[in-house]
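Coordinate inspection notes
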Protein chains: 4
Amino acid sequence: MTERVVLAYSGGLDTSVAIGWIAEETGAEVVAVAIDCGQGGEDLEVVRQRALDCGAVEAVVADARDEFASQYCVPALRANALYQDRYPLVSALSRPLIVKHLADAARYHNATMVAHGCTGKGNDQVRFEAGLAALFPELKVLAPVRDSGMTRDKAIAFAEEKGLPIDVTKKSPYSIDQNLWGRAVETGFLEDIWNGPIEDVYAYTDNPAEPREADELVITFQSGVPTAVDGKELTPLQVIEELNRRAGAQGVGRIDMVEDRLVGIKSREVYEAPGAVALIAAHQELENVTVERELARFKRGVDQRWGELVYDGLWFSPLKKALDAFIAEANQNVSGDIRMVLHGGRAVVTGRRSEASLYDYELATYDTGDKYDQSLARGFIDVWSMPAKIASLRDQKLAQ
Amino acid sequence: MTERVVLAYSGGLDTSVAIGWIAEETGAEVVAVAIDCGQGGEDLEVVRQRALDCGAVEAVVADARDEFASQYCVPALRANALYQDRYPLVSALSRPLIVKHLADAARYHNATMVAHGCTGKGNDQVRFEAGLAALFPELKVLAPVRDSGMTRDKAIAFAEEKGLPIDVTKKSPYSIDQNLWGRAVETGFLEDIWNGPIEDVYAYTDNPAEPREADELVITFQSGVPTAVDGKELTPLQVIEELNRRAGAQGVGRIDMVEDRLVGIKSREVYEAPGAVALIAAHQELENVTVERELARFKRGVDQRWGELVYDGLWFSPLKKALDAFIAEANQNVSGDIRMVLHGGRAVVTGRRSEASLYDYELATYDTGDKYDQSLARGFIDVWSMPAKIASLRDQKLAQ
Amino acid sequence: MTERVVLAYSGGLDTSVAIGWIAEETGAEVVAVAIDCGQGGEDLEVVRQRALDCGAVEAVVADARDEFASQYCVPALRANALYQDRYPLVSALSRPLIVKHLADAARYHNATMVAHGCTGKGNDQVRFEAGLAALFPELKVLAPVRDSGMTRDKAIAFAEEKGLPIDVTKKSPYSIDQNLWGRAVETGFLEDIWNGPIEDVYAYTDNPAEPREADELVITFQSGVPTAVDGKELTPLQVIEELNRRAGAQGVGRIDMVEDRLVGIKSREVYEAPGAVALIAAHQELENVTVERELARFKRGVDQRWGELVYDGLWFSPLKKALDAFIAEANQNVSGDIRMVLHGGRAVVTGRRSEASLYDYELATYDTGDKYDQSLARGFIDVWSMPAKIASLRDQKLAQ
Amino acid sequence: MTERVVLAYSGGLDTSVAIGWIAEETGAEVVAVAIDCGQGGEDLEVVRQRALDCGAVEAVVADARDEFASQYCVPALRANALYQDRYPLVSALSRPLIVKHLADAARYHNATMVAHGCTGKGNDQVRFEAGLAALFPELKVLAPVRDSGMTRDKAIAFAEEKGLPIDVTKKSPYSIDQNLWGRAVETGFLEDIWNGPIEDVYAYTDNPAEPREADELVITFQSGVPTAVDGKELTPLQVIEELNRRAGAQGVGRIDMVEDRLVGIKSREVYEAPGAVALIAAHQELENVTVERELARFKRGVDQRWGELVYDGLWFSPLKKALDAFIAEANQNVSGDIRMVLHGGRAVVTGRRSEASLYDYELATYDTGDKYDQSLARGFIDVWSMPAKIASLRDQKLAQ
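Residues numbered from 1 in each chain as written. Chains lettered and ligands numbered in written order. Predicted model: local features only at pLDDT ≥ 70, side-chain atom pairs only at ≥ 80, totals over all residues.

Some words on the interface of chain B and chain C
Basically, it comes down to this: Each residue gets a C-beta atom placed from its backbone, and two residues are in contact if those atoms lie within 7 Å. Where helices and strands are cited, they refer to DSSP runs of H or I of at least four residues and of E of at least two residues respectively, numbered from the N terminus. Throughout this entry, Asp, Glu, Lys and Arg are counted as charged residues, while Ala, Val, Leu, Ile, Met, Phe, Trp, Tyr, Cys and Pro are counted as nonpolar. The remaining residues, Gly among them, count as polar.
Contacts between the two partners involve 22 residues from chain B and, on the opposite side, 22 residues from chain C. The greatest single-element share of the side of chain B that touches chain C, amounting to 7 residues, is contributed by helix H13 (residues 377-384) of chain B. Within the side of chain B that touches chain C, the residues separate by chemical class into 12 nonpolar, 2 polar and 8 charged.

Put into structure tokens, the structure is as follows:
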């Protein structure tokens, strides 16, 4: 029986060519798998047909947007996941989802190999292969772009030679990855890190500098999961779409940074993530209201490690599971409403209310009604500062 | 010989009354100490005279703005210090500076006591007393507002009874603390955390929503210290003042948050810190360019702990000194230029250049000239993902 | 109706006197509550009768040894809890258990107050009161030794005056707290930290220096919980008792250290915890075999924070719950057998076997059968060392 | 001009054969470099002559024991470096020292390549190559055992064919690496992790189970550096040698563990490190006496990361330098005497005294002379427990 390869298929030039390239190289049949993570663009059926036209024996397409929203974006939101305090892990979140579908398809179609179109200097190759190593370690991985010389020029030549139904002439200057949670753009002129991005780079966000009316909204969370906007109950997918639309229209969520790749180099990245940035700002402030201080302090370190792990391709890892258990417990009471103004590139929280609030007006107020017992302070301060005080006395003694 | 009290004097009602209050309560002479940390307002000489007019035997005033900028704000900048990822430690930074001057004055004037005007439910009492415990532990601390019933009403009555030269009628609805690094505002209606701040609350920043031209500038750093703006060499004080002016004019640096106080409660705080917010954004991005990945990852935890310690009043503590040693080493190469656009409440980095850059165009580029050896990836990925892969195989075996 | 006080009753002089002392001071009725955490000593019924004889209106005694073992000692074991890498949290574990019983008794007996016999400079007062603040914050706390001058001399005088059935003459030089998990000893001559402990200090352990035969045993764990010794299924309580006996007979688990108290001072402590020390050593090594590397590295920080929190009296806190969730997930596969030799004060692991082992002979061996692909190494190393290498090149360039 | 290779030369079979093997493979001249890190064994001059006899064009030998003690072992001691809380980093410490000498020799002898004899599944290859990448990145690395098929059998055949002056018949069942800081042993029967080590495995330590007299000594530290034993001033090298001798004679420092290698697998390792284990125990306790609580708590995480970095081959990395700066500051006051008893495999601290002590008898004592103000406690406890209390009240409200 002929061996089978499951290919992560995007519909673009590289992976369309890879169908035939891999078939020629391995003699195997290629099963193309295309996943909708909210990247928009072509109809899935069109993509499916193109895969078949390019020589795939099977082409599987799946609308995984709800799964992506609830199983990948929401956990990132509960972890306030911002790699290097900035990047909401757009591509890093979709890769494990795609890997899961690839592994499922490989089992269903009895594949012995899996293929992806990543290069050898990015993070996504690690996310694909580390994910597959965890979910289906027996699969052999093929990476024609990285390992068997499928450069862009050779891909175009291959497509022309085979008459593949792909327009090889429309060469975008941008390398783009996008999904429900955001959009990543790389391009030649941004590789000079002194150059600023131009407006043409952006697609999810309008120019924040243009004058427009502000937009105010109320986001409701239940245990850290967004469940409604302006009082209307929505699925996580719907919340993120709504926020992408409204925050995007206000220019919220543009990010321009130098980033530490797992593969050892620094790269310059431009992102847009209007919904993600607005939701994380709202969620952080609701945590400020509902999470106890020591838990909140420790959670910052947990959140950071969660983001690093996911960025580093270790979504399916034991540490990730244990951090998830911590975060789920920490988010149990992160319920309530956040009022937010979106305007001019800013997503600003202006109000919060929660049944689970730990803010106590009567303890906090300086007005009448104050029930904080100020006589406690002196004892607290003396004990609190005692270790540093004793150390200071020691230092003064030794300095004499 | 009559005992002496050194009083942290602001020139306002509470501490002006405290001069006489403490004198009556203790029989001691009061030495008033007023420190200019860039809070603006009255001339120091006016403040000095008022202290004398209110009964102080001595009144010491000091322009400590340069010291504050270079010894307190710059270390905070090198630590990217944002308590709860938001608050740049405005008041928390000035208190140890004031404490240092109080301790110096106490030694010079042979004081046995020191006094401050803090209440018993804020952080500042801790910062004063923990700092004094470290620098001059023998001093007895007096806190008339907290410990001897000097309420606002009693203070007004005292001032009127004694004919003190203070206008007790101008009652601001706002409780304000401000200095070079920023401004903190508390007020009754903001104690309802569902209420948003009104424009009247702000003084350091213009309304970000108003249309205006963007402002672009270049900030130069040497080892994490800002040394020039737009190519003009400046002292740290001058840099911060320039940034306060220009970022403030663009509405940058407004913060509205629920915060975890050291004294055990959550409070609602509104801050403005235009210069601090813009400088930290610039410094963080220059770190992205010049600090190696593993150092950058660990430094986030160090920075967080630094911010907590300073917020918690432990500026003069052994851990603070050791964190400073780490941060100084980590900032050694944080040198170069950051170009930044200030506009509409946003401070956005658009370019970076540095002799100490770790960004390597030839490793990062996808264009011709790429010198990254992509054949390394497979070995890296296999070893990198091996522990999680072995664990996954174990889990699958046990699940059967 | 007369108010009621629930008193944490030990049966000793201080708390026996406290019954009458509190009754006189407050006019309330005293309900004595004595909990068996495995401290040994008198029969609970004797203790109960003494409380009644000393004037308690009710006396509640409870054998909580099973609860203590499974709900307090086992979580500490799964966290490898060693405060300052040494102290297995003996007293710190029993206090929240006692607090829970006090709160239950207070609800049952409609008490409005609760009392303990702690002094004002130890950790236990914090553990009692912080625990009660979480479980029953409405209760008023009485601490006669700390707050109302019930010194030892006054307690003896009170006992004699009232004819209480306590032998006030047997004055031990040692202040002791002991339970199932270990034993803490303080005494005057050990307050000179240059003095070493004498053999007389110890009760749970024989002298490790005396010659005797070694004892070998096999401990079985299921998900981090000890379930059998030498193949015989036991409850956690039985495992700990067995280990206390056998490890104690070999002099295992003596600890002598200077410790950082929560109340701001350093103190000198001597502990014995034969079962705890042996079990933690066994559990740690089983984690080495069954827990993936990155999870194991992060768990060390979690374990440390868990130990600090419990030491610091915050057993009933949100962070503790979230850390527990992490630890439970991390221990899911910590199952298998550990063979251990107990001898001469040492508890040494000599063998481990587990269905959930991540140790793979075929990957680890240098003999025939090696299936590790050594060709992966070069790619791994080059990528792994790339960030530090680029930084080094930068440093060399700048140093020229 | 003929190219040159610098070879890390041990004098054993593998690296002796590597001289000719590399010469044949590359046509280059081989410069052998042998470093004495305290591994004992043959005279350095004998080793040097053998290298020449095996075909090296130059043979460099260096007694680096003092350098190793003061520049590598002492920093590890100040970091209390124990990987996985157990392993004192014996081999991990010597590799960067050897790398430094290799890089120096490569510059001196104008080499373009460097070679080591490591396999492809251990940590040492990473330590060599990551170190060289940092110190001399232009060098090409040769690893004949890993990369060009120089198996043991082939090495023996090569040695016999060339008539190399090496006894190829004496085959030890043990793979050993040893130096001043300790000794590592691997061997086939220990690859079954249920097997215990046999006495034959050990060389640095006598059997701890044999009866003998205890040995008591006093170690003096200055800022974390050991400077004297029993009052006699010694260099770090002499202190470690003395401790190896005396602690080794008491069977101190045997370690048997399953360890997480950087290259992705778990391995079983047996170590002996009598001096290291005794010195770290002494140093830790002196830190307990002289380091303030919050600094001590944070330092544990720093120490752990330091050990991981060094284990992982990143000695010459920016993070390592920054951690060193923290640790140096933290150790500034770690000065004083530790009295320790060595006996039966245990190294037990029995006394400590220090001018820099933070232990204050008058604060700690329960006897007369107590100057701790117990009235502070109540205020401290109420504020300390307030966040968890407020959270508990919230939870109770929501649970209704």
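Comments concerning the interface of chain B and chain A
Often, the extent of an interface is quoted as the loss of accessible area upon association of its parts. Counting residues at the interface gives 79 residues for chain B and 78 residues for chain A. Residue composition of the side of chain B that touches chain A, grouped by class: 35 nonpolar, 23 polar and 21 charged.

Some remarks on helix H10 (residues 293-311) of chain B
Residue and element names in this part refer to chain B. What counts here: The span you would expect from a helix comes to 1.5 Å times its residue count less one. Between the buried cut of 20 or more and the exposed cut of 12 or fewer other C-beta atoms within 10 Å of a residue's own C-beta lies the partly exposed class, and all C-beta atoms are placed from the backbone.
End to end, H10 covers 27 Å across 19 residues, agreeing with the expected 27 Å (1.5 Å per residue, within 8%). Counting buried positions over the 19 residues of H10 gives 15, a clear majority of the element. A positive backbone phi angle near 85° is found at Gly 313, which sits one or two residues after H10.

With respect to the domain arrangement of chain A
Defined as follows: Segmentation of the chain into domains, including their bounds, is taken from an automatic or database domain assignment.
Entries for chain A in the domain assignment read domain 1 (4-171), domain 2 (176-291 + 333-353) and domain 3 (361-399). One C-alpha centre belongs to domain 1 of chain A, the other to domain 3 of chain A, and the line joining them spans 58 Å.

Quick look at the nonpolar core
As a reminder of what qualifies: Nonpolar cores are identified as sets of buried Ala, Val, Leu, Ile, Met, Phe, Trp, Tyr and Cys residues joined via C-beta atoms within 7 Å.
Membership of the largest hydrophobic core comes to 572 residues, with the highest contact counts inside it found for Leu7(A), Leu7(B), Leu7(C) and Leu7(D). With residues up to four places along the chain from it excluded, the contact list for Leu7(B) reads Thr15(B), Ala18(B), Ile19(B), Ile22(B), Val30(B), Val31(B), Ala32(B), Val33(B) and Ala115(B).

Observations regarding the UniProt feature "binding site: L-aspartate" (unreviewed entry) in chain A
Where we set the bar: UniProt positions are given in the numbering used here, feature names are shortened, and annotations may be inferred rather than shown by experiment.
The UniProt entry lists Thr119(A), Asn123(A) and Asp124(A) under the feature "binding site: L-aspartate" (unreviewed entry), expressed in the numbering used here. As for its position among the elements, Thr119(A) is in the loop between strand S4 (113-115) and helix H5 (124-135). A residue is classified by how many C-beta atoms lie within 10 Å of it, and Thr119(A), with 19 of them, is partly exposed. The residues touching Thr119(A), leaving out its near neighbours within four places in the chain, are Val145(A), Arg146(A) and Gln374(B). The topology assignment puts Asp124(A) in helix H5. Once you skip the residues sitting within four places of it in the chain, Asp124(A) turns out to touch Ser91(A), Arg95(A) and Cys118(A).

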